[in-house]
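# Overview (structure and organization)
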Amino acid sequence: MQRLKIDPTASSFFVDLNADTGIFNFQGESRPENAPSFFEPIIAWLITYRNTIEKDKDSHHLKVIFKLDYFNSTSTKYIVDIAKLLKSIDDLPNVNLATEWFYKSIDEDIRDSGNELIDWTGLKIKLIPYD
Amino acid sequence: MVINNQYLSVFSDRYTQIYRESCIIKHEEITNILNDVKSSLDIDFVTKKRIYSIVNELLENTMLHSDHSESEVELVILKTDDCYRIITINTISVDERHNLLSYSTNINSLSIQELKNQYKEKLLNGEINDKGTIGVGMELIRLQSNNKILISTDDNSNVIIDVRLDKL
């Protein structure tokens, strides 16, 4: 499946979804001018990926990294949708998915957002502070 | 743009103005102001981050409700010993003013727990609207500030949104 890589801008984060390595990366700040056009390809890629691996019998070990500095309210909606999709992928019997949520140790709002994602979606997330 | 000194004069005795800027309501201009806020405010990380978030949600809100493409917005940040005030002033159509006042009245009428429930419900089950947003900006501002959002209008068709953020 083709890799989805989006370079960061002043208002949108770095995205790298790599089916070959099984590493999905989201890093930076998110307040894109047009949130649907930015996020819908990401959502579509994850849906296609889930549908693809659902059909095969291989084991998939996946790692998801969120290292976000800031995201606006509409981006929060899409991040929740991404987390719900990741949960549905993790629920597949042939998938082992580890999600890491990095936050600056003094940034309690980003930490709390990680906890909300766990509560709201059921996705298992490891919260990792950094200095 | 008419700078609304009358509204700000109410605070002049007790508050110090720490930021003031006006711009055309465009995404690039909002980016410039956010960068400016980030680099110029000499305050603790958590408070600055919340001010940054409130400024962004307020300015994005003005984009949604502005009355024409070349509308201007003025942003003022005031400081006193116990709080900050983040204030935006921009012109708005009568219809949008009605929508904004109705929306904020709902937000202000809810308890914090009711607000959290509404915020969560919209994020989990809401749909992106025709403006490309989920429409929880005001909920987020009230949750982050833990204060009611003050909205007023003046004789020049300006709408003034005033958010109080208590110091940590």
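Residues numbered from 1 in each chain as written. Chains lettered and ligands numbered in written order. Predicted model: local features only at pLDDT ≥ 70, side-chain atom pairs only at ≥ 80, totals over all residues. Heavy atoms only, no water.

If you check an unreviewed UniProt entry, chain B appears there as Histidine kinase/HSP90-like ATPase domain-containing protein from Brumimicrobium salinarum.

You'll find chain A entered in an unreviewed UniProt entry as SiaC family regulatory phosphoprotein domain-containing protein, with Brumimicrobium salinarum given as the organism.

## Regarding the overall build of chain A
Counting its regular elements, chain A contains three helices and six strands. Along its sequence from the N terminus, chain A presents helices and strands in the succession β-β-β-α-β-α-β-α-β. For 131 residues, the compact-globule estimate of 2.2 N^0.38 gives 14 Å, and chain A sits close to it at 14 Å. Expressed along its principal axes, the backbone C-alpha trace of chain A runs to roughly 40 × 30 × 25 Å. In chain A, which comprises 131 residues, the share counted as buried stands at 55%. Excluding contacts between residues fewer than 6 apart, the proportion of contacts in chain A whose partners are at least 24 apart in sequence is 66%. Taking the 15 positively charged and 21 negatively charged side chains of chain A as two groups, their mean positions are separated by 4 Å. (Helix = DSSP H or I, 4+ residues; strand = E, 2+ residues; numbered from the N terminus. Rg over C-alpha atoms; globule rule 2.2 N^0.38 Å. Buried < 20%, exposed > 50% of the residue type's maximum accessible area, 1.4 Å probe, protein only. Contact = heavy atoms within 4.5 Å. Lys, Arg positive; Asp, Glu negative; His and termini not counted. Charge placed at Lys NZ, Arg CZ, Asp CG, Glu CD.)

## Points about the sheet that holds strand β2 (residues 72-79) of chain B
Residue and element names in this part refer to chain B. The five strands are arranged β1-β2-β3-β5-β4 in an open sheet whose pairing can be described as antiparallel. The open sheet is flanked by β1 (16-24) and β4 (150-153), the only strands paired with a single partner. Strand-to-strand, the axes of this sheet are offset by a mean angle of 15 degrees, without reference to chain direction. Note: β4 against strand β5 (residues 158-166), four bridges, orientation antiparallel. Note that in β5 the partner of Ile151 across the bridge is Ile161. Packing of helix α4 (residues 94-109) onto the sheet brings it into contact with β4 and β5, and relative to β4 it is tilted by some 155 degrees. (Pairing = 2+ DSSP bridges. Axes fitted to C-alpha atoms, helices over the stretch in contact; angles between N-to-C directions.)

## What to know about the pattern of salt bridges
The final tally for this structure, using the stated rule, is 17 salt bridges over all chains. Across the pair Glu29 of chain A and Lys38 of chain B runs a salt bridge, and its minimum N-O distance is 3.8 Å. Of this pair, Glu29 of chain A sits in strand β3 (residues 23-30) while Lys38 of chain B is found in helix α2 (residues 27-40), placing the two residues in two different chains. Glu29 of chain A sits in the buried class, given a relative accessible area of 12%. One salt bridge in this structure joins Glu139 of chain B and Lys122 of chain B, with 2.8 Å as the shortest N-O distance. Here Glu139 of chain B is found in helix α6 (residues 137-145), whereas its partner Lys122 of chain B is found in helix α5 (residues 112-125), with 17 residues between them in sequence. For Glu139 of chain B, a relative accessible area of 0% puts it in the buried group. The exposure class of Lys122 of chain B is partly exposed, given its relative accessible area of 23%. What you see here is one network of salt bridges that share partners, running through Glu29 and Arg31 of chain A together with Lys38 of chain B. (Salt bridge = Lys/Arg side-chain N within 4 Å of Asp/Glu carboxyl O.)

## Some thoughts on a negative patch on the surface
On the surface, Glu33 of chain A together with Glu21, Glu28 and Glu29 of chain B cluster together to form a negatively charged patch. Here Glu33 of chain A is to be found in the loop between β3 and α1 (35-55). (Patch = residues over 30% accessible without salt bridge, like charges linked within 9 Å, V, L, I, M, F, W, Y side chains within 5 Å. Areas by Shrake-Rupley, 256 points an atom, 1.4 Å probe, with all protein chains shown as cover.)

## Thoughts on the interface of chain B and chain A
Listed as interface residues are 29 residues of chain B and, on the opposing side, 26 residues of chain A. Approximately 2,300 Å² of surface area, both sides summed, lies buried where chain B meets chain A, with 55% of it carried by carbon and sulfur atoms. The residue Asp107 of chain A makes a salt bridge to Lys49 of chain B at a minimum N-O spacing of 2.5 Å. Our count for the contact surface shared by chain B and chain A stands at 14 residue pairs in polar contact (both at pLDDT 80 or more). Secondary structure elements with two or more residues in the side of chain B that touches chain A: α2, α3 (45-65), α5 and α6 of chain B. Across the side of chain B that touches chain A, the residue classes break down as 11 nonpolar, 10 polar and eight charged. (Buried area = accessible area lost by both parts, 1.4 Å probe. Polar contact = N/O pair within 3.5 Å; in protein donor to acceptor, adjacent residues only side chain to side chain. Nonpolar A, V, L, I, M, F, W, Y, C, P; charged D, E, K, R; others polar.)

## Some points on the environment of Ile30 of chain B
Residue and element names in this part refer to chain B. Position of Ile30 relative to the elements: it lies in helix α2. In this structure the C-alpha to C-alpha distance between Ile30 and Asn56, which are 26 residues apart in sequence, comes to 7.3 Å. Once residues lying within four places of it in the same chain are set aside, the contact partners of Ile30 are Asn56, Leu59, Glu60 and Met63.

## A closer look at the packing of aromatic side chains
Residue and element names in this part refer to chain A. In total, this model carries 15 aromatic pairs over all chains according to the counting rule given. Pairing Phe24 with Trp45 gives two aromatic rings, centres 5.4 Å apart and planes at 85 degrees, and the pair type is edge-to-face. Remark: Trp45 occurs in helix α1 and Phe24 occurs in strand β3; sequence separation between them is 21 residues. Trp45 shares its class with Phe24; the two are buried. Seen from their ring centres, Phe71 and Trp101 are 6.2 Å apart, and the 80 degrees between their planes marks the pair as edge-to-face. Taken together, the positions of Phe71 in strand β4 (residues 60-71) and Trp101 in strand β5 (residues 95-104) put the pair 30 residues apart, joining distant regions of the chain. By the burial criterion, Phe71 is buried, and Trp101 matches it. In this structure an aromatic cluster arises from ring pairing among Phe13, Phe26, Phe38, Phe39, Phe66, Phe71, Tyr78 and Trp101. Between Lys67 and the ring centre of Phe102, over which it is positioned, the NZ or CZ distance is 5.9 Å. The aromatic ring of Tyr130 is capped on one face by Lys67, whose charged end is 4.6 Å from the ring centroid. (Phe/Tyr/Trp six-rings, centres within 6.5 Å; stacked < 30°, edge-to-face > 60°. Lys NZ or Arg CZ within 6 Å of the ring centre and 35° of its normal.)

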